[in-house]
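# Chain and residue survey
Listed below are the residues making up each chain.
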Amino acid sequence: MKAAVYHGKQDVRIENVPVREINADEVLIKVAYCGVCGTDVHIYNAEGGAFAVTPPLIPGHEFSGVIEKIGGAVKNLQVGDHVSGDPNIMCGKCYFCRNGMEHFCTDNIGVGTTVDGGFAEYVAMKASHVFKVPKNLDLLCAAMSEPVSCCVHGMDLCKIKHGDTVLVMGGGPIGMISVQLAKIAGAGLVILSEPVEEKRNLALKLGADLTVNPIAENLDEFLAGVTQNVNCVIECVGNVRTQADALRIAGKKATVMFFGLVGPDAELKVKPDMIFKKELTVTSSFINPYTFPRAVELISRGRISFDGIITSVVPLEELPKVLADDSTRRAGKVVIKL
């Protein structure tokens with residue numbers, strides 16, 4: 001089969017590799033689409049992913065496709081089913097798995113990070129982590145189940161109440177999904193902070209109530225003019241400067257969610273007195289524990305729109321260029337079509 005193989009820092013090659021034989025509890029998925037994630041970029045630059053990466057490896061963890069083969073012990077799936085896969089497979093035996101914190105599993109399998117993933121014509125998956133989607137659902141949308149599941153976990157941690165004011169910082173794919181989830185969660189006022197006009201306009205179409213250009217406008221003055229208190233700030237840029245801004249502009253008793261992924265060596269200068277005087281809750285979101293079925297349900301029911309979020313669908317041969325050149329990724333979500 002054709003696959004993108006990561007061999008080391010900034011070295012991804014399109015190669016022909018064997019299709020792995022599946023075990024009794026696994027299925028073989030013919031991949032239709034696989035999204036390019038910030039984690040894939042970190043892997044490409046040898047900065048690691050959510051889990052330790054050892055090349056050679058086929059990356060890719062945001063995928064959808066059609067089941068082509070099932071193992072002898074698989075009962076709940078059939079050949080021809082349209083599916084997406086949760087790439088995070090936990091042991092179920094360690095301290096964290098047995099105490100409701102499976103995403104911190106000490107013996108995990110990460111499809112696309114610790115074992116071969118979805119930037120290939122076929123991917124083998126444990127059936128327990130494969131989820132059927134309706135056959136009338138576009139598989140391009142189904143491939144977004146993993147990023148949506150991560151956003152759902154982040155939203156759970158934000159604890160948004162009906163009527164809250166929510167500020168989303170950054171109008172990339174995660175920011176746009178977060179805008180929609182904040183509205184679904186009952187936020188009364190959802191604001192997107194984003195310097196690119198096209199992205200601000202898209203956010204309004206997707207449900208944002210207001211947008212602000214943080215470069216051209218004074219963000220503090222803008223917020224003071226539209227709300228008495230910012231109850232939740234979701235930082236989706238992945239930059240220590242915007243993380244510092246998030247802490248500063250958060251309101252009293254607000255939750256600040258660091259969703260954007262910064263480099264592993266990045267450091268943030270924080271004034272504890274500011275956190276103390278506002279009684280802030282500062283949190284972050286690590287992968288997608290227990291949220292994948294809910295993400296599939298939201299997508300299958302049409303509650304999340306990807307119109308304008310997915311901006312490029314390109315063949316596998318273009319993946320090395322996409323990973324090396326961020327100009328395509330800056331426009332929106334890039335998805336590889338197999």
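The sections below set out a description of the structure shown in this document. (Residues numbered from 1 in each chain as written. Predicted model: local features only at pLDDT ≥ 70, side-chain atom pairs only at ≥ 80, totals over all residues. Heavy atoms only, no water.)

Our next topic: the overall build of the chain. From N to C terminus, the chain includes 11 helices and 17 strands. In terms of overall dimensions, the chain is globule-like: its C-alpha atoms have a radius of gyration of 20 Å, near the 20 Å expected for 338 residues. With the C-alpha coordinates of the chain rotated into their principal frame, the extents come out at 60 × 40 × 40 Å. The buried share of the chain, reckoned over its 338 residues, is 52%. (Helix = DSSP H or I, 4+ residues; strand = E, 2+ residues; numbered from the N terminus. Rg over C-alpha atoms; globule rule 2.2 N^0.38 Å. Buried < 20%, exposed > 50% of the residue type's maximum accessible area, 1.4 Å probe, protein only.)

Turning next to the nonpolar core. In terms of nonpolar packing, the biggest core is built from 45 residues, with I160, V166, L181, I234 and F306 touching the most fellow members. With six residues, the single largest contributor to this core is helix α3 (residues 145-158). Among all residues touching L181, those that are not within four sequence positions of it are C151, V152, M155, L298 and I304. Listed in part, the 40 residues of the second largest apolar core include Y44, I58, V314 and V334. (Core = buried A, V, L, I, M, F, W, Y, C linked by side-chain atoms within 4.5 Å. Contact = heavy atoms within 4.5 Å.)

This paragraph deals with the pairing of strand β13 (residues 232-235). Here β13 shows a buried face lined by C232 and I234 and a second buried face lined by V233 and E235. Where strand β10 (residues 165-169) meets β13, four bridges bridge the pair, whose relative direction is parallel. The partner of V168 across the bridge, within β13, is I234. Bridge count between β13 and strand β14 (residues 255-258): four bridges; the pairing is parallel. Residue pairing for β14: V233 is matched across the bridge by V256. Since β13 and β14 lie parallel, the crossover through helix α7 (residues 240-249) that links them has a hand, and here it is right-handed. (Pairing = 2+ DSSP bridges. Right-handed = clockwise from strand over helix to strand, strands pointing away.)

Taken in spatial order, the six strands line up as β12-β11-β10-β13-β14-β15 in an open sheet, and their pairing is parallel. Edge positions in the sheet fall to β12 (210-212) and β15 (281-284), since each of these pairs with one other strand and no more. Pairs of neighbouring strands in the sheet enclose a mean axial angle of 20°, with direction left out of account. In this structure, strand β11 (residues 189-193) lies alongside β12, joined through three bridges in parallel fashion. (Axes fitted to C-alpha atoms, helices over the stretch in contact; angles between N-to-C directions.)

Within the span of helix α6 (residues 219-226), buried status applies to L219, F222 and L223. All buried residues of α6 fall inside an arc of 95° around its axis, so they share one side. Facing away from the buried side of α6, by more than 90 degrees, are the exposed residues E221, A224 and G225. As for α6, its buried residues are in contact with β10, β11, β12 and α7. Sitting at the amino-terminal end of α6 is N218, which places a side-chain oxygen 3.0 Å from the backbone nitrogen of D220. (Arc of directions from axis to C-beta. Polar contact = N/O pair within 3.5 Å; in protein donor to acceptor, adjacent residues only side chain to side chain.)

With respect to the helices, strands and loops of the structure, I160 is situated in the loop between α3 and β10. A residue is classified by how much of its surface remains accessible, and I160, at 13% relative accessible area, is buried. Residues I160 and K277, 117 residues apart in the sequence, show an inter-C-alpha distance of 21 Å. Setting aside chain neighbours within four positions, we find I160 in contact with M155, V166, A182, A185, A187 and C232.

Now for the pairing of strand β3 (residues 26-35). β3 sits mainly inside the fold: nine of its 10 residues count as buried. Bridging between β3 and strand β8 (residues 122-126) involves five bridges; their strand directions are antiparallel. Note that in β8 the partner of I29 across the bridge is V123. Of the strand pairs in this sheet, β3 and strand β17 (residues 333-337) are connected by three bridges, and their pairing is antiparallel. Bridge pairing in β17 places C34 opposite I336.

Applying the stated criterion to the full structure yields four aromatic pairs. Here F96 and F104 contribute two aromatic rings whose centre-to-centre distance is 6.3 Å and whose plane-to-plane angle is 70°, an arrangement assigned as edge-to-face. With relative accessibility at 28%, the residue F96 sits in the partly exposed group. Residue class for F104 comes out partly exposed when judged on its relative accessible area of 40%. (Phe/Tyr/Trp six-rings, centres within 6.5 Å; stacked < 30°, edge-to-face > 60°.)

Taken as a whole, this structure holds 15 salt bridges when the rule is applied. For K183, the salt bridge identified is with D209, shortest N-O distance 3.1 Å. Taken as a pair, K183 in helix α4 (residues 173-184) and D209 in the loop between α5 (197-206) and β12 lie far apart in primary sequence, 26 residues in all. Exposure remark for K183: the relative accessible area of 30% places this residue in the partly exposed category. A residue is classified by how much of its surface remains accessible, and D209, at 31% relative accessible area, is partly exposed. Note that R301 and E297 form a salt bridge whose closest N and O atoms lie 2.8 Å from each other. Assessed through its relative accessible area of 62%, R301 is described here as exposed. Note on E297: relative accessible area 41%, which makes it partly exposed. Three or more residues joined by partner-sharing salt bridges are found here, namely D220, D245 and R248. (Salt bridge = Lys/Arg side-chain N within 4 Å of Asp/Glu carboxyl O.)

The values reported here are purely geometric and, on their own, carry no functional implication.
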